[in-house]
Amino acid sequence: MRGSISTRLIVLITLCTAVIVGGGMLLDYRVSRAEILERLDLESNERVKAVVVDIENWLSGVEAATGFLGQILSQREYSEEGLKQMLRDLVQGNEEIYGAAIALSPNQAESGEGFAPYFFHSDTGIAYANLASREADYQQQPWFRAPIETAKPVWSEPYFDNGGGEALMTTYSVPVYRIDEEGQRFLYAVVTADVLVEDLHRVLQQLHLGEHSNGLLLSTEGMLLSSRQAPEALRHYSEIAIAPENLKPWRDLLDHVRGGQAISREVECPEIEGQCTLRMGTLQSNGWPIGIVYSQNEVLEPLYNYQIKTVIISVCTILGMALVVSLVTHSITRPLSYLSAASANIARGNMDSPLPPAKGNDEIATLVRSFESMSKDLKTYIADLESVTASRSRLEGELAAAREIQMSMLPGAGEARLQQPPVDLWARVEPAKTVGGDLYTYSLNDNHLLLAVGDVSDKGVPAALFMARAISLIQQLSSLSVAPNEAMTWLNNSLERDNPSCMFVTLFLGVLNTTTGELRFATAGHTAPSLLRNNEVTVIDQDTGPALGLIPDQDYPDNLLTLCPADRLAIYTDGIDEAFNSAGEMFGVERFNKQLQNTGALDLAAAGAALFQAVASHAQEQPQSDDITLLLLEPSAGKHGSQRQSFDLAPGLTRRVQSWLEPVLNNWSVPDDAVMEMLLIAEELVTNVQKYGELQAKHEIAVTLRLDGQTLALQVRDPGVAFNPLAQAERADLGADIESAEIGGLGVHLITGLSNRQHYAREGEYNVLTIEKDLPVWT
Amino acid sequence: MDLTTTVSIDEENSVARVSLDGALNTDTAPAFELRLQEVVDAGYQLTVLDMKELDYISSAGLRVIFKAAKQTRSDGRNLAAANRKPHIDKVFEILKALPDMAVFANEQELDDYLDAMQSKSRDE
């Protein structure tokens, strides 16, 4: 489990252990490494030194023995046999010396060929060879000539001795001088001792540091003897794997060494990959450079082994530690895991989920006991809560049903829109609690619209029940044609009866005559409505009576308000102006009026919604304190329409024109009076055409009827002779005495008397006469 | 719309009652003119046009009435209109028609007028 305590413990402790153990190991390693390195260094130095000392001892032994022989020969006279004997003894007595010779200077020998006996170790013991033979020709050998030339003892370059030892060797030659009677020094002999290259090689092989190390010995001339090659493979160093460009550095290096400086240098390993160390010094006896090439890595191999062992031990230690920590943490946290699983079960509602046993007195046991007691308490609490919730949801269900029933008592069930020309009405109620005490209703009968907006005291269920009583009574009114103030008295008495709890309702009750725009209304203590007219809002000045339901037999004043076509009336309950915000400020009538003005251009429903929204934004998170009801009323915008028909002038024209016009006008809801007058005007118009147009039955006239808002326009277009009846028609003098009055000439009077505007035009071959008639504003 | 004309005569009082039912317009006026002419020619002292059922009147109709009124007046007799509906009344008003014509708003006025006429004739 990621993130669990045991995982975190294991990871943390393992990491810490790794750091601590690793640190310790590292420290130990550093110290040990230094020690091991020092020891290795010392050891290698010791070994090199030992080999060099061995060689030095050997060669100086050879030198000393040879020098001693030379010393004896320079002072004493021996016979040739005696010399031989002495030489034989020398070779026999010195294992380090392979062979030795005493080569007399030719003028000192008894025979002309010279004298040069040579004894050496052979497989069969000490062997003798005479170097004074013609084939050996010792006087021409470098070992003989070199010390004479330099008058000093010299080590020869390695060479193969033919006719003598028959082996690869180097020879130490010492010139022996004597003083004659005249005190002159002269060369008596050259005493030599040979050392086998093979023996040198054997010793050199002890120079060994690591598997691929290589002991080197160079002669004065640069012949190279390597411990890893056979002694016979003796060659000049420049011939052995040395590129021409490296020759110069090598020469410089050898010069340095010969100058007596020990050097140490990094070179490429001759046989394996990587860098090797070359250390080189000189032999004191013959000045030959001696050295060793070895790989540091091979020398340090024990150290690497040690490193690997250290790492393995560290890793094992840490793994062991992690295992132990894991076991320990699991044993500690196991009860916690059980507890966690049990709490998840409980959270899912399984309250009887078993808890781990609480053993001992540690923190976990205490936690388990607390948890057990909490789980028990929780079970009781949940049981309580369930029963409370059940009864509450039952109550809520009942309230919701009650609200539905209450809303169904209102037209539109809480939000209503009546768009029935000439009336446009919108209303909405929003209860503060699920059910409330606000009400609105309306009903339209012919040209009378009954309106009511009311507010029952208090809110909630009691208010809702009283509201139900009130609205049933009000809705009975719609079938009666009583004046609102009288209706109010009746309502008051009806509600006052059987009202022991003294509930009361404020009510606005009005009847709008949709023909005249007259609104007669009575108020029972209700908020005065606001009127939006010419983009200004005023509060209606009203005479009010007492609220309904308290005192019987009250009189209510009659109020009258005439609404104009562009007016908008807002009737509302005090839930709007008395909506409080969190700062305790009321929404107020002024703010409401301002909003009513701002929303004047909107459609009624949009304006109403915006007003509700304004109240809600004012209250913000403050809960709605009272039911809110708003009813907006305005004359619907005038209708528009146009109809056109052609008629021939056959008999019955008037009847045909009228029977076309009448249904059109009725369809446009034109009032009956206006219909009658329009029919009359039409008759007079077509009669004029018939009378003055000089037309025949086949000719046609076109009649157009237009409704544009509140204005009806009737146009007659005829192809008759140019004739303007408005100016030219015979017109009777009105009001004349009957004796003097002319009979006829009345039609034009009727046309002008029944319409508002008349217009004549001659358009080409046509007379066009247009009559406009304004309809009552609330039509 | 058609026009139905009913004429009832009160010989005793020399009163002719002409009841109009329907529309008196260009189409119906000629027939009505003939009918009324007959009544007027009969020479009753008073001709009463009962407009209780008259729904519509145009200038053509008025011209007929106008003409009858003129004729009766010149003969020293009377033509009266009774029970005019408001919109019929309005047409009369616009035309200021028959200003001195007796007008009875209802039956009662007509009866009162007739009584007055009877007593007047008795007095003579």
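Anyway, here's the lowdown on the structure attached to this text.

The rules we used
Residues numbered from 1 in each chain as written. Chains lettered and ligands numbered in written order. Predicted model: local features only at pLDDT ≥ 70, side-chain atom pairs only at ≥ 80, totals over all residues. Heavy atoms only, no water. Phe/Tyr/Trp six-rings, centres within 6.5 Å; stacked < 30°, edge-to-face > 60°. Helix = DSSP H or I, 4+ residues; strand = E, 2+ residues; numbered from the N terminus. Buried < 20%, exposed > 50% of the residue type's maximum accessible area, 1.4 Å probe, protein only. Lys NZ or Arg CZ within 6 Å of the ring centre and 35° of its normal. Pairing = 2+ DSSP bridges. Contact = heavy atoms within 4.5 Å. Axes fitted to C-alpha atoms, helices over the stretch in contact; angles between N-to-C directions. Salt bridge = Lys/Arg side-chain N within 4 Å of Asp/Glu carboxyl O. Polar contact = N/O pair within 3.5 Å; in protein donor to acceptor, adjacent residues only side chain to side chain. Right-handed = clockwise from strand over helix to strand, strands pointing away. Patch = residues over 30% accessible without salt bridge, like charges linked within 9 Å, V, L, I, M, F, W, Y side chains within 5 Å. Areas by Shrake-Rupley, 256 points an atom, 1.4 Å probe, with all protein chains shown as cover. Lys, Arg positive; Asp, Glu negative; His and termini not counted. Charge placed at Lys NZ, Arg CZ, Asp CG, Glu CD.

## What to know about the packing of aromatic side chains
Reasoning step 1: Tallying each qualifying case throughout the model produces 11 aromatic pairs over all chains.
Reasoning step 2: With 5.9 Å between their ring centres and 45° between their planes, A:Tyr98 and A:Phe120 make a pair best called tilted. Here A:Tyr98, found in the loop between α2 (80–93) and β1 (99–104), pairs with A:Phe120, found in strand β2 (residues 117–122); they are 22 residues apart in sequence, far enough to count as distant. A single burial state applies to A:Tyr98 and to A:Phe120, both of which are buried.
Reasoning step 3: Note on A:Trp155 and A:Tyr172: the rings are 5.0 Å apart at their centroids and 40° apart in plane angle, and the pair reads as tilted. Taken together, the residues A:Trp155 in strand β4 (residues 154–155) and A:Tyr172 in strand β6 (residues 168–179) connect sequence positions 17 residues apart. Accessibility assignment for this pair places A:Trp155 and A:Tyr172 in one class, buried.
Reasoning step 4: Clustering of aromatic rings is evident, with ring pairs tying together A:Tyr98, A:Tyr118 and A:Phe120.
Reasoning step 5: In this structure, B:Arg84 packs its charged tip against the face of B:Phe92, placed 4.3 Å from the ring centre.

## Observations regarding the sheet that holds strand β11 (residues 263–268) of chain A
All names here are of chain A.
Reasoning step 1: Spatially, 6 strands are ordered β10-β9-β8-β13-β12-β11 in an open sheet, and the strand pairing comes out antiparallel. Among the strands making up the open sheet, the edge pair consists of β10 (235–236) and β11.
Reasoning step 2: Where strand β8 (residues 214–218) meets strand β9 (residues 223–226), 3 bridges bridge the pair, whose relative direction is antiparallel. Among the inter-strand pairings, Leu217 is bridged to a residue of β9, identified as Leu225.
Reasoning step 3: Relative to β9, helix α4 (residues 197–204) is tilted by about 50°, and along the sheet it contacts β8, β9 and β13 (289–295).
Reasoning step 4: Against the sheet, helix α5 (residues 247–258) engages β8, β11, β12 (275–282) and β13, with an angle of about 40° to β12.

## Structural notes on the pattern of salt bridges
Residues and elements named next belong to chain A.
Reasoning step 1: Applying the stated criterion across every chain yields a total of 26 salt bridges over all chains.
Reasoning step 2: For Arg757, the salt bridge goes to Glu772, with nearest N and O atoms at 2.8 Å. One end of the pair, Arg757, is in strand β29 (residues 757–763); the other, Glu772, is in strand β30 (residues 766–774), and 15 residues separate them in sequence.
Reasoning step 3: What makes Glu772 partly exposed here is its relative accessible area of 25%.

## Notes on the side chain of A:Thr329
Residue and element names in this part refer to chain A.
Reasoning step 1: With respect to the element layout, Thr329 can be found in helix α7 (residues 301–347).
Reasoning step 2: From its side chain, Thr329 meets the backbone oxygen of Val325 in a polar contact 2.6 Å long.
Reasoning step 3: Reaching out from Thr329, the side chain makes a polar contact with the backbone oxygen of Ser326 at a distance of 3.2 Å.
Reasoning step 4: Ignoring sequence-local partners within four residues, the contact set of Thr329 consists of Ser6, Leu9 and Ile10.

## Describing the pairing of strand β2 (residues 15–24) of chain B
The two faces of a sheet get side chains in turn, since along a regular strand they alternate between them.
Residues and elements named next belong to chain B.
Reasoning step 1: Among the 10 residues of β2, 7 are classified as buried, and the element is accordingly described as predominantly covered.
Reasoning step 2: Relative to β2, strand β1 (residues 3–10) runs antiparallel, the two sharing 8 bridges. When the sheet's bridge partners are listed, Thr5 is paired in β2 with Leu20.
Reasoning step 3: Counted between consecutive antiparallel strands, the loop separating β1 from β2 contains 4 residues, among which Ser14 sits at a positive phi close to 55°.
Reasoning step 4: Inspection of the sheet shows β2 paired to strand β3 (residues 46–57) by 9 bridges, in the parallel sense. Along β3, the bridge assignment pairs Ala23 with Tyr56.
Reasoning step 5: Crossover connection from β2 via helix α1 (residues 29–41) to parallel β3: handedness right-handed.

## Remarks on the pairing of β11(A)
Residues and elements named next belong to chain A.
Reasoning step 1: As paired strands, β11 and β12 are joined by 6 bridges and run antiparallel to one another. In the sheet register, Arg265 faces β12, and the bridge partner there is Leu278.
Reasoning step 2: Between β11 and β12, which pair antiparallel and follow one another directly, the connecting turn spans 6 residues, one of which, Gly274, has a positive phi of 105°.

## Digging into the sheet that holds strand β21 (residues 536–539) of chain A
All names here are of chain A.
Reasoning step 1: On the basis of which strands lie adjacent, the open sheet formed by 6 strands has the order β14-β15-β25-β24-β20-β21 and antiparallel pairing. Among the strands making up the open sheet, the edge pair consists of β14 (415–420) and β21. Across this sheet, the average inter-strand angle for adjacent strands is 15°, counted without regard to direction.
Reasoning step 2: Pairing analysis gives 4 bridges linking strand β24 (residues 568–572) to strand β25 (residues 628–635), with the strands arranged antiparallel. Its bridge partner being in β25, Tyr572 is matched across the sheet by Leu630.

## Quick notes on a negative patch on the surface
Residue and element names in this part refer to chain B.
Reasoning step 1: On the surface, Glu109, Asp111, Asp112 and Asp115 cluster together to form a negatively charged patch.
Reasoning step 2: Take Glu109: it is sitting in helix α4 (residues 107–123).
Reasoning step 3: Here Glu109 falls in the partly exposed class, since its relative accessible area comes to 35%.

By themselves these figures say nothing about function.
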